[in-house]
Amino acid sequence: MIRKWICLFGVLASIATPGILQVQAIEVYAKAKEVEAVNGTNVKLQCTFKSTEPISEDSVIVSWNFKPLNNGPEETVFHYQENPFPPTEGRFKGHAVWSGDIMGEDASITLNDVQFSFNGTYSCQVHNPPDFEGFAAEVILKVVLKASVSDIQILAASVGGAIAVIIVILIIFVVVRKRLRRNREPGVELREREWKDPTVW
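Here is what the cut-offs are and how they apply
- Residues numbered from 1 in each chain as written.
- Predicted model: local features only at pLDDT ≥ 70, side-chain atom pairs only at ≥ 80, totals over all residues.
- Heavy atoms only, no water.
- Helix = DSSP H or I, 4+ residues; strand = E, 2+ residues; numbered from the N terminus.
- Buried < 20%, exposed > 50% of the residue type's maximum accessible area, 1.4 Å probe, protein only.
- Pairing = 2+ DSSP bridges.
- Axes fitted to C-alpha atoms, helices over the stretch in contact; angles between N-to-C directions.
- Disulfide = S-S within 2.5 Å.

## Side note on unusual backbone geometry
1) Next: At the junction of proline 129 and proline 130, the peptide bond is cis and its omega measures out at 10° in the coordinates.
2) Next: Phi at asparagine 71 takes a positive value of approximately 60°, unusual for a residue other than glycine.
3) Next: Structurally, the position occupied by asparagine 71 is in the loop between strand 5 (61-68) and strand 6 (75-81).

## Thoughts on the pairing of strand 5
1) Next: Counting buried residues along strand 5, six of its eight residues qualify, which places the element largely inside the surrounding structure.
2) Next: Sheet analysis places strand 5 next to strand 6, joined by six bridges and oriented antiparallel. When the bridges of strand 6 are listed, asparagine 65 appears paired with threonine 76.
3) Next: In textbook terms, the turn of a hairpin is the stretch between consecutive antiparallel strands, and for strand 5 and strand 6 this stretch comprises six residues, one of which, asparagine 71, has a positive phi near 60°.
4) Next: Bridge count for strand 5 against strand 10 (residues 120-127) is eight bridges, and the pairing is antiparallel. If you follow proline 68 over to strand 10, its bridge partner there is glycine 120.

## Comments concerning the sheet that holds strand 10
1) Next: On the basis of which strands lie adjacent, the open sheet formed by six strands has the order 2-11-10-5-6-7 and mixed pairing. Taken across any chain shown, the strands that pair with only one partner, and hence form the sheet edges, are strand 2 (34-38) and strand 7 (83-85). Put simply, the sheet's adjacent strands are angled 20° from each other on average, direction ignored.

## Notes on the state of the cysteines
1) Next: Overall, the coordinates contain one disulfide when judged by the stated rule.
2) Next: Between the sulfur atoms of cysteine 47 and its disulfide mate cysteine 124 the distance is 2.1 Å. Disulfide cysteine 47-cysteine 124: torsion about the S-S bond near -80°, hence left-handed. Taken as a pair, cysteine 47 in strand 4 (residues 47-50) and cysteine 124 in strand 10 lie far apart in primary sequence, 77 residues in all. Taken individually, cysteine 47 and cysteine 124 each receive the classification buried, so the pair is uniform in this respect.

Right, dumping it as structure tokens:
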């Protein structure tokens, strides 16, 4: 009797296991963990995904949520399910637009005319049943008054400034050298005229 139960359990396990292994978590990625945007400009929050299941515009569901810096309640930014559904109320009304391509595994959105109140963390969640829910991709948005100067820009400005100084020094050197030559030439001609060969009368 015990052997029969063991055999039955083995058969059921062999049937169920392949189905279980086929269900995997969908993978969601953010191109940049932190994005900076100048107040009043547009910024794209890029989010991509990979699913082991076939994707279609009818099967994939995308949800964008927002958590402000002051640890306030989480807010809905954007929702996609067969069609894009921009927010009809709240701070993101008229600002959040769909920029993704489901068939291209792109779930990105764009925020137009960003405000300082948009500072915070944005999470991108993608569902594609039967793939079960994986980890959401997060993007931190920093809205600033003006673009900050990066280290590369500082280095480029320093190198450019040094090159400009060298060029100016070379120009000054060439000009001074030419003037010195001009000042010397009349004296040389005068000495040549005043000098006469004593053997010649």
